[in-house]
Amino acid sequence: TRGLVDLLATAHRTQPRGSSMIDALPIAGTEGTLSGRLRRSGKRVRAKTGTMAGVSGLTGVITSDAGEPKVAFSIIINVRDTATMFAESRRAIEDQIVMAVLEHIDNWVAVSGPIVDLEPLEVSAAPG
């Protein structure tokens, strides 16, 4: 996931706006595999999905209202061999995480002002 976020950050810094890899990502709620997902995001999520047996992922960016990328994310859910979690459930969890981050960003901006620089945050599943 870190490598995917680094790739998006590098694309944002080095490619011209309007023709970057980020601009090629589907917009949530409007097209492709995201047409039915993250509709409450106000079209502020651009991402790529990935699904295979027991694994699913969502990697992309959360943007400002104007479409400027603000936060890159990558979520991969990998179910243990002995467990079962249907792809639909994994996708719902991914969407909940992205919406929680988007809402946190909006609340932060409303209280503290614009986000200037976000440091990477390491997140992993709780033991158990």
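Everything numeric in this text was worked out from a predicted model, so none of it was measured.

Draft legend 1. Expanded view of the side chain of Asp95. Inspection of the secondary structure assignment puts Asp95 in helix 2 (residues 87-112). Asp95 gets classed as buried once you look at its relative accessible area, which sits at 16%. The residues touching Asp95, leaving out its near neighbours within four places in the chain, are Arg37, Leu38 and Leu58.

Draft legend 2. Just the pairing of strand 2 (residues 55-63), in detail. The element strand 2 is extensively covered by neighbouring structure, given that 8 of its 9 residues are classed as buried. As paired strands, strand 1 (residues 45-52) and strand 2 are joined by 8 bridges and run antiparallel to one another. Bridged to Val45 within strand 2 is Ile62. Here strand 1 folds back onto strand 2 in antiparallel fashion, the turn holding 2 residues, of which Gly54 has a positive phi close to 75°.

Draft legend 3. Structural detail: the pattern of salt bridges. Considering all chains together, one arrives at 6 salt bridges under this definition. As a salt-bridge pair, Asp106 and Arg44 come within 3.0 Å of each other at their nearest N and O atoms. You can see Asp106 sitting in helix 2 and its partner Arg44 sitting in the loop between helix 1 (2-14) and strand 1, a full 62 residues away along the chain. Relative accessible area serves as the criterion here: at 10%, Arg44 is assigned to the buried category. Among the charged side chains, a salt-bridge network with shared partners connects Arg37, Glu94 and Asp95.

Procedures and definitions
Residues numbered from 1 in each chain as written. Predicted model: local features only at pLDDT ≥ 70, side-chain atom pairs only at ≥ 80, totals over all residues. Heavy atoms only, no water. Helix = DSSP H or I, 4+ residues; strand = E, 2+ residues; numbered from the N terminus. Buried < 20%, exposed > 50% of the residue type's maximum accessible area, 1.4 Å probe, protein only. Contact = heavy atoms within 4.5 Å. Pairing = 2+ DSSP bridges. Salt bridge = Lys/Arg side-chain N within 4 Å of Asp/Glu carboxyl O.

By themselves, these are just geometric observations and shouldn't be taken as functional.
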